[in-house]
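Reading the structure
As a plain string of letters, each chain reads:
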Amino acid sequence: MSASSFLKALKAEGLTVVEVGDWRDHNRNHKGHWGPVHGVMIHHTVTKGSARTVDICREGHEDLPGPLCHGVITKDGKVHLVGYGRANHAGLGDDDVLRAVIAEKALPRDNEANTDGNRHFYGFECENLGDGDDPWPAAQLEAIERAAAAVCRHHGWNERSVIGHLEWQPGKSDPRGFTMASMRRRIRDRLK
């Protein structure tokens with residue numbers, strides 16, 4: 001999917017999209033291939049404040065250069081596009097999980113980190129402290145559902161192509177505060 005097709009798919013799914021800077025060309029492609037892309041990964045940011053969250057996800061930080069995702073979903077339900085192409089969001093994860101995503105089958109438990117996920121997943125970072133107490137507003141949950149469904153609809157994927165970072169990489173907890181099973185049910189219903 002081209003950057004223009006990505007934008008068009010998100011808008012067609014009814015999302016409010018904010019284009020941030022030169023997002024279409026902001027990527028880490030010089031560090032390795034992006035693609036083939038097989039799924040969508042959902043994260044929480046462990047940050048507070050939409051402007052700060054978007055800036056961190058676009059620019060990265062000292063230990064990890066940006067972009068840290070393709071889109072940032074803020075608490076108000078807006079999707080801020082910060083990059084397109086390879087992004088530092090998934091890291092190394094389990095090849096068995098990737099095979100299950102490709103086959104659109106139930107996920108095995110992630111128990112190793114041997115596969116580069118940055119090349120295989122679209123990434124959405126969602127503004128949340130990730131402490132289990134920070135609320136997930138209805139508008140934000142709906143935007144996560146719509147954004148994931150938009151990408152799945154474009155590629156002809158089903159809801160099993162959407163995973164949480166915690167299902168990909170051992171030791172990760174994101175997203176925390178809702179279950180990926182419940183989010184996949186929402187995406188399944190939206191894709192019908």
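Quantities reported herein were computed from a predicted structural model and do not represent experimental measurements. (Residues numbered from 1 in each chain as written. Predicted model: local features only at pLDDT ≥ 70, side-chain atom pairs only at ≥ 80, totals over all residues. Heavy atoms only, no water.)

Structural notes on the UniProt feature "domain: N-acetylmuramoyl-L-alanine amidase" (unreviewed entry) in the chain
Rules: UniProt positions are given in the numbering used here, feature names are shortened, and annotations may be inferred rather than shown by experiment. We count a stretch as a helix when DSSP gives it H or I for four or more residues in a row; a strand needs E for two or more, and each element gets its number in order from the N terminus.
Under the local residue numbering, the UniProt record ascribes the feature "domain: N-acetylmuramoyl-L-alanine amidase" (unreviewed entry) to residues 23-176. Note that residues 23-176 is 27% helix and 19% strand, and that its end C-alpha atoms are spaced 27 Å apart.

Comments concerning the layout of surface pockets
Convention followed: Think of a 1 Å grid over the protein atoms and nothing else: a 1.4 Å probe that fits but is trapped marks a cavity, an open set flanked by protein within 12 Å on at least five of seven lines marks a pocket, and residues with an atom within 4 Å of a point count as lining. Grid points are joined across faces, edges and corners, and a volume is the space filled by probe spheres set on the points. In the scheme used here, Gly and all other residues not listed as nonpolar or charged are polar, with Ala, Val, Leu, Ile, Met, Phe, Trp, Tyr, Cys and Pro taken as nonpolar and Asp, Glu, Lys and Arg as charged.
In this structure, the largest pocket occupies an estimated 420 Å³ of space. Elements supplying a minimum of two residues to the lining of the largest pocket: β2 (39-44) and α2 (50-59). Per element, the largest residue contribution to the lining of the largest pocket is three residues, and it comes from α2. Of the residues assigned to the lining of the largest pocket, the class counts are six nonpolar, 12 polar and three charged.

Things to note about the packing of helix α1 (residues 3-12) against helix α4 (residues 138-155)
For the record, the criterion: Axes here mean lines fitted to C-alpha atoms, for a helix over just the part in contact, with angles spanning 0 to 180 degrees between N-to-C directions. In this scheme, roughly parallel covers angles under 35 degrees and roughly antiparallel covers those over 145, while 65 to 115 is roughly perpendicular and the rest are oblique. Crossing handedness is defined as follows: a turn of the near helix away from the far one that is anticlockwise and smaller than a right angle gives a left-handed crossing, while the clockwise case is right-handed. Contact between two residues is taken to exist if any of their heavy atoms lie within 4.5 Å; hydrogens are not considered.
Here α1 crosses α4 at 120°, and the two axes come no closer than 8 Å. Between α1 and α4, the angle is such that the two are oblique. Taken as a pair, α1 and α4 cross one another with a handedness that is right-handed. Mapping the contact onto sequence places S5, F6, A9 and L10 in α1 and A147, A150, V151 and H154 in α4. Each residue belonging to the contact of α1 with α4 can be placed in one class, and the counts come to six nonpolar, two polar and no charged.

Thoughts on the sheet that holds strand β10 (residues 162-164)
Which entries qualify depends on this criterion: Pairing between strands is defined by DSSP: at least two bridges between them are needed.
With mixed pairing, the six strands of this open sheet are ordered in space as β1-β6-β5-β9-β2-β10. This sheet does not close on itself; its edge strands, each paired only once, are β1 (17-19) and β10. Between one strand axis and the next, the sheet turns by 25° as a mean value, whatever way the strands run. Here β2 runs beside strand β9 (residues 121-126); their pairing, made up of six bridges, is parallel. Residue G39 lies in a different strand from β9, and its bridge partner there is F121. On top of the sheet, helix α6 (residues 180-191) reaches β2 and β10; it is set at about 160° to β10, its chief contact.

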